[in-house]
Amino acid sequence: MSLCTVPLDQPIPENSIYDPYRNSHPLTVKNFEKMDKGTYWFHRLISLDESWIHGNSPLKNNCISKSQSDPGIIAEYDIVYGGGGLAVIHAAMMSKVYGKKVCVFDKYAVGLTHRDWNISIPELLVLKECGLFSQEQLDSFIACKYKGGFVKFYDDDPKSAMPPLWLENVLDTALDANLLLDAAKNIILEYGGTIIEQAHFKKVITTGTYALIHIETPHSKIVLSAKIFADAMGSFSPIARSLNAYPFTHCCPTVGTISSGFKVGKNSDEIDFSVGEILVTNEHQLPDGRQLIWEGFPSSQNRFVTYLFFYDAIQSPSDKSLINLYELFFEKLFTYKKPDEDFDIGRPLFGIIPSFSHHSTKNKRITAEDNIISIGDAAALSSPLSYCGFGSFVRNLPKTSTMLFQALEANTLKKKDLSKINAFEPRVAIMSNFASFLQGKPLQSASTVNKTMNMFMDVLGSLPKHIAEEVFRDTLQWKSYNIMMSTVPKRHPQSYKMLINVHGIKGLFWWAINFIGFAIWEMSQKKKSRSN
């Protein structure tokens, strides 16, 4: 398993970067100091935390402006991508499969991520089926595969405890994310693309014909011209904040590590390298309302990825600081998994994963402007239940890349045209209603989330196993959804009371609206299938 080696040209901060945090975050500082290149990752963490503080407020200065096109300018690139994470995969697809000239820039390094990904094999095969990678390459990206995973929420009453919900073909394959991104980066270079690192985005000027993207590197100011600027600059993208007054409604602050040296065994606080743990809680919610959730999965034969996160609404008063969450992580880690004598943290993993809950029958988030399109976390259209941006991205890659190619060929680059190219799925949008059950609230009983989710897992466990797999793979079918929802009140009559307590009358109304959108989408899909 690669440990996201720091690029040679990236500056490594001095140890003094820790000094302001030694007293307030002693466990976080202690553990980062032990990591290889820990000061680099600590600097990334602090930078992301500072961005997060201001990330969901409107920009004071809009970074997008419009101008008349200059007939003397011929765009140098078909697509310029801002952001070097998931965008690298999309750029590789557009250059290799569709023959487009691309450029990718990032303020750090292109092709490196501070999170790791797991996925199922059927989802991963999309990258082969669309012509991007060979089977041999896909196999090389797989760091570890396990036989299945489970979901288990905390029960404080052994008499009424429910068994874990076991799942197959769901997040059961851990990827070496950086190996995958590096292969995509090499495709870009092989097909004549350009990579620019340590490049900060400043502004973009659109004309309807092309975009002029202004960036700055440590050595120069550069203006890139492209028919399309693909914004993949993440959750706090200035483009997303310019297009949307409030770019997302919910979030999932996430911290974790890739570690080795946990105790191996079959007990709940030991590591079983043949199993992934998808959603696990081992306590009720904190006094401030946050319900902390663990995720753990093997990333190699001896390393284990451990995440701690919580679901929250942007407007809630809960503490969403990543460095504060890391202090809780290191405080509580060994209540989740026991360390052995040779326990060692390889590197940190962290991020703020955004989501946008749709109160509509269609996509309400603005993801495009003339010559501009948002992808990945910048689009914030991943599942509000699983927050699996990588899964959503891969699942929609054939559709978004094909539609973008068609837009370039037809020269339909206006906002109304590019707005149609996104990863919005009504079946995913409706899952925001379920995500609400995972969001603890200060005034509710501390056991509410765990009791509600145990009820929901019990329902899924009683149904054909494909339904639970669809829920956690973000591929829920309309028929499966109706079976699931009709089973809930039959198996747990008190569920109606829980629905009202969590959502209120207003929330139930929007649930109904989202259901109507799901039904309309289902009918349109059937109509398309019949016409084909």
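Computed from a predicted structure; not experimentally measured.

Visitor: When you look at the overall build of the protein in this model, what are you seeing that I'm missing?
Guide: The number of helices and strands found in the protein is 17 helices and 20 strands. A compact globule built from 532 residues would reach a C-alpha radius of gyration of about 24 Å, and the protein, at 23 Å, matches this within 12%. Burial analysis of the protein (532 residues in total) assigns 59% to the buried set. Restricting the contact set of the protein to residue pairs at least 6 apart, pairs at least 24 apart contribute 76%. If the 55 positive side-chain charges of the protein are averaged to one point and the 53 negative ones to another, these points end up 8 Å apart.

Visitor: How do you make sense of a nonpolar patch on the surface when you look at a structure like this?
Guide: A grouping of I516, I520 and M523 is seen on the molecular surface, where their side chains present a nonpolar patch of about 290 Å² in accessible area. Secondary-structure assignment places I520 in helix 17 (residues 495-531).

Visitor: How should the pattern of salt bridges be read in this particular structure?
Guide: Opposite charge on two side chains allows them to pair when their charged atoms are near. For the structure on display, the rule yields 22 salt bridges. The salt bridge involving R395 is made with E123; its shortest N-O contact spans 3.9 Å. Of this pair, R395 sits in helix 10 (residues 389-410) while E123 sits in helix 4 (residues 121-124), and the two are 272 residues apart along the sequence. Each member of the pair, R395 together with E123, is buried. Here K266 ties to D272 by a salt bridge, and the two come within 3.0 Å at their closest N and O atoms. Overlapping salt bridges, with partners in common, bring together D19, R22 and E33 in one network.

Visitor: Just checking my understanding: could you explain the sheet that holds strand 8 (residues 173-175) for this structure?
Guide: Through backbone hydrogen bonds, the strands of a sheet pair up, either in parallel or in antiparallel fashion. One open sheet holds the 3 strands; their spatial order is 4-8-5, and the pairing between them is antiparallel. The sheet is open, and its two edges are formed by strand 4 (117-119) and strand 5 (142-145), each paired on a single side. When the angles between neighbouring strand axes are averaged without regard to direction, this sheet yields 25°. Of the pairings in the sheet, the one linking strand 5 to strand 8 comprises 3 bridges and is antiparallel in character. By the bridge assignment for strand 8, C144 is matched with A174.

Visitor: What's the story with the packing of helix 3 (residues 87-96) against helix 7 (residues 177-190) in this structure? I'm lost.
Guide: Axis angle and axis distance: for two packed helices, these are the angle between their axes and the distance between the axes, and together they describe the pair. Direction vectors running N to C along helix 3 and helix 7 enclose 35°, while the axes themselves pass 8 Å from each other. Considering only the axes of helix 3 and helix 7, their crossing is left-handed. Counted together, V88, I89, A91, A92, S95 and K96 of helix 3 and L180, L181, A184, K185, I187 and I188 of helix 7 form the full contact between these two elements.

Visitor: Explain the packing of aromatic side chains to me, please; I cannot follow it from the model alone.
Guide: Given two aromatic rings, one states the distance between the centres and the angle between the planes to describe the pair. Going through the model one piece at a time under the given rule, you end up with 23 aromatic pairs. Ring centres of W117 and F390 lie 4.3 Å apart, and the angle between their planes is 5°; this geometry places the pair in the stacked category. With a gap of 273 residues between them, W117 in strand 4 and F390 in helix 10 connect regions that are remote in the sequence. Across the pair, F390 and W117 agree in class, each one buried. In this structure an aromatic cluster arises from ring pairing among Y18, Y21, F32, F42, W294, Y326, F329, F330, Y336 and F350. Sitting over the ring of Y108, R44 keeps its end group 3.8 Å from the ring centre. Across from the ring centre of Y336, 4.8 Å away, lies the NZ or CZ of K337, which sits over that ring.

Visitor: For this particular structure, what's the right way to read unusual backbone geometry?
Guide: Where the residue is not glycine, phi is negative for most of them; where a peptide bond is considered, it is trans in most cases. With a phi angle near 60°, K37 is a residue other than glycine that sits in the positive phi range. Structurally, the position occupied by K37 is in the loop between helix 1 (26-34) and helix 2 (38-54). For Q198, which is not glycine, the phi dihedral falls at a positive 55°. In this fold, Q198 is placed in the loop between strand 9 (194-196) and strand 10 (200-206).

Visitor: I keep staring at the side chain of D370 and nothing clicks. Help me out?
Guide: In this structure, D370 sits in the loop between strand 19 (368-369) and strand 20 (372-374). The class for D370 is buried, based on a relative accessible area of 11%. Engagement of the side chain of D370 in a polar contact is seen with the backbone nitrogen of K415, the distance being 2.8 Å. With near-sequence residues (within four places) excluded, D370 lies in contact with K66, T206, G208, L413, K414 and K415.

Visitor: Would you take a moment to explain the state of the cysteines for this structure?
Guide: Among covalent bonds in proteins, the disulfide is the one between the sulfur atoms of two cysteines. Applying the stated criterion across every chain yields a total of 0 disulfides. With no disulfide of its own, C63 lies closest to C103 among cysteine sulfurs, the gap being 17 Å. Exposure remark for C63: the relative accessible area of 8% places this residue in the buried category. In this model C252 remains outside any disulfide bridge; the closest cysteine sulfur is found in C251, 7.5 Å from its own.

What counts, and at which threshold
Residues numbered from 1 in each chain as written. Predicted model: local features only at pLDDT ≥ 70, side-chain atom pairs only at ≥ 80, totals over all residues. Heavy atoms only, no water. Helix = DSSP H or I, 4+ residues; strand = E, 2+ residues; numbered from the N terminus. Rg over C-alpha atoms; globule rule 2.2 N^0.38 Å. Buried < 20%, exposed > 50% of the residue type's maximum accessible area, 1.4 Å probe, protein only. Contact = heavy atoms within 4.5 Å. Lys, Arg positive; Asp, Glu negative; His and termini not counted. Charge placed at Lys NZ, Arg CZ, Asp CG, Glu CD. Patch = residues over 30% accessible without salt bridge, like charges linked within 9 Å, V, L, I, M, F, W, Y side chains within 5 Å. Areas by Shrake-Rupley, 256 points an atom, 1.4 Å probe, with all protein chains shown as cover. Salt bridge = Lys/Arg side-chain N within 4 Å of Asp/Glu carboxyl O. Pairing = 2+ DSSP bridges. Axes fitted to C-alpha atoms, helices over the stretch in contact; angles between N-to-C directions. Left-handed = near helix turned anticlockwise from the far one by under 90°. Phe/Tyr/Trp six-rings, centres within 6.5 Å; stacked < 30°, edge-to-face > 60°. Lys NZ or Arg CZ within 6 Å of the ring centre and 35° of its normal. Polar contact = N/O pair within 3.5 Å; in protein donor to acceptor, adjacent residues only side chain to side chain. Disulfide = S-S within 2.5 Å.

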